[in-house]
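# An overview of the molecular structure
One letter stands for each residue in the lines below.
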Amino acid sequence: MNSNSFKQVGVWIDHSKAHFVGFNEGNTVLIETIESPFESMKREVGEGSDKTRFSSSNLHSSNNEHRKHNISQKELNEYYKMMETKLHSFDDILLFGPGVAKEQMRNRLRENKSFDGKWLSVQTSDKLTDNQLLAFVRDFYINANPDFKSV
């Protein structure tokens, strides 16, 4: 099955990766996993501590820290853009995971006009095994539609 055969998807997401789980007629399938280019603790070769001071005052952080933050934001933005592209073909989208990435992604989708009319839901979950991912999405969609009768 390819992702086009699903209209409902669950996406377990954090800042390092996203697992896409398709749901159709009571069945769930792990469609794909996207690795994020985002690395929160990036260090360059030969780089010292971010606490390097350029003055005798403790109030100044290094330029290095500011530059790394901008690079990280750019990478995170690219990651979310990849996600938006993958999510276009789905009508019902469940975003779930342990951190803030799911809310950040939902906010981006709500700001994107091409997602108007699509159903978005956010749930909190811990890290899950592949089988737990499939069960989480299946249970969510079955419970979301009480008229659904599993075969």
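Below, the structure is looked at part by part.

Rules of the game
Residues numbered from 1 in each chain as written. Predicted model: local features only at pLDDT ≥ 70, side-chain atom pairs only at ≥ 80, totals over all residues. Heavy atoms only, no water. Helix = DSSP H or I, 4+ residues; strand = E, 2+ residues; numbered from the N terminus. Buried < 20%, exposed > 50% of the residue type's maximum accessible area, 1.4 Å probe, protein only. Contact = heavy atoms within 4.5 Å. Pairing = 2+ DSSP bridges. Right-handed = clockwise from strand over helix to strand, strands pointing away. Expected span 1.5 Å × (residues − 1). Arc of directions from axis to C-beta. Salt bridge = Lys/Arg side-chain N within 4 Å of Asp/Glu carboxyl O. Core = buried A, V, L, I, M, F, W, Y, C linked by side-chain atoms within 4.5 Å.

Each helix and strand in the chain was counted, giving 3 helices and 5 strands. Reading the helices (α) and strands (β) of the chain from amino to carboxyl end gives β-β-β-α-β-α-β-α. Expressed as a percentage of the 151 residues in the chain, the buried residues total 34%. Sequence-distant contacts in the chain: of pairs separated by 6 or more residues, those separated by 24 or more amount to 62%.

A word on the pairing of strand β5 (residues 119-124). Pairing analysis gives 6 bridges linking strand β4 (residues 92-97) to β5, with the strands arranged parallel. Bridge assignment links F96 to a residue of β5, and that residue is Q123. Considered for its hand, the β-α-β crossover made up of β4, helix α2 (residues 101-111) and β5 is right-handed.

The next thing to look at is the side chain of S121. Summarising the element assignment, S121 is placed in strand β5. Residue S121 is classed as buried on the basis of its relative accessible area, which comes to 13%.

Here we come to helix α3 (residues 130-144). Here α3 contains 15 residues, and its C-alpha end-to-end distance of 21 Å stays within 8% of the 21 Å for a straight helix at 1.5 Å per residue. Taken together, the buried positions of α3 are occupied by L133, L134, V137, F140 and Y141. Axial view of α3: buried residues confined to an arc of 135 degrees, hence all on one face. Opposite the buried face of α3, at more than 90 degrees from it, the exposed residues are N131 and N143.

Another point: unusual backbone geometry. Glycine aside, residues mostly have negative phi angles, and peptide bonds mostly take the trans form. One non-glycine residue with positive phi stands out, namely E25, at about 50 degrees. Structurally, E25 is set in the loop between β2 (17-24) and β3 (27-35).

Within this structure, the stated rule accounts for 6 salt bridges. D14 is the salt-bridge partner of K127, the closest N and O atoms lying 3.8 Å from each other. Pair noted here: K127 is in the loop between β5 and α3 and D14 is in the loop between β1 (8-13) and β2, with a separation of 113 residues, a long-range link. For D14, a relative accessible area of 11% corresponds to the buried category. Between K86 and E32 there is a salt bridge; the shortest N-O distance is 3.5 Å. Of this pair, K86 sits in helix α1 (residues 63-87) while E32 sits in strand β3, and the two are 54 residues apart along the sequence. Classification of K86 as partly exposed rests on a relative accessible area of 36%. The exposure class of E32 is partly exposed, given its relative accessible area of 26%.

Our next topic: the nonpolar core. Formed by 21 residues in total, the largest nonpolar core has its most connected members in V11, I13, M83, L87 and I93. The set of elements that each furnish at least two residues to this core consists of β1, β2, α1, β4 and α2. The biggest single contributor to this core is α1, with 5 residues. When sequence neighbours within four positions are dropped, the list of residues in contact with I93 reads V9, L87, L109, F115, K118, W119, L120, S121 and Y141. Of all hydrophobic cores here, the second largest spans 10 residues; its members include V21, L133, L134 and F140.

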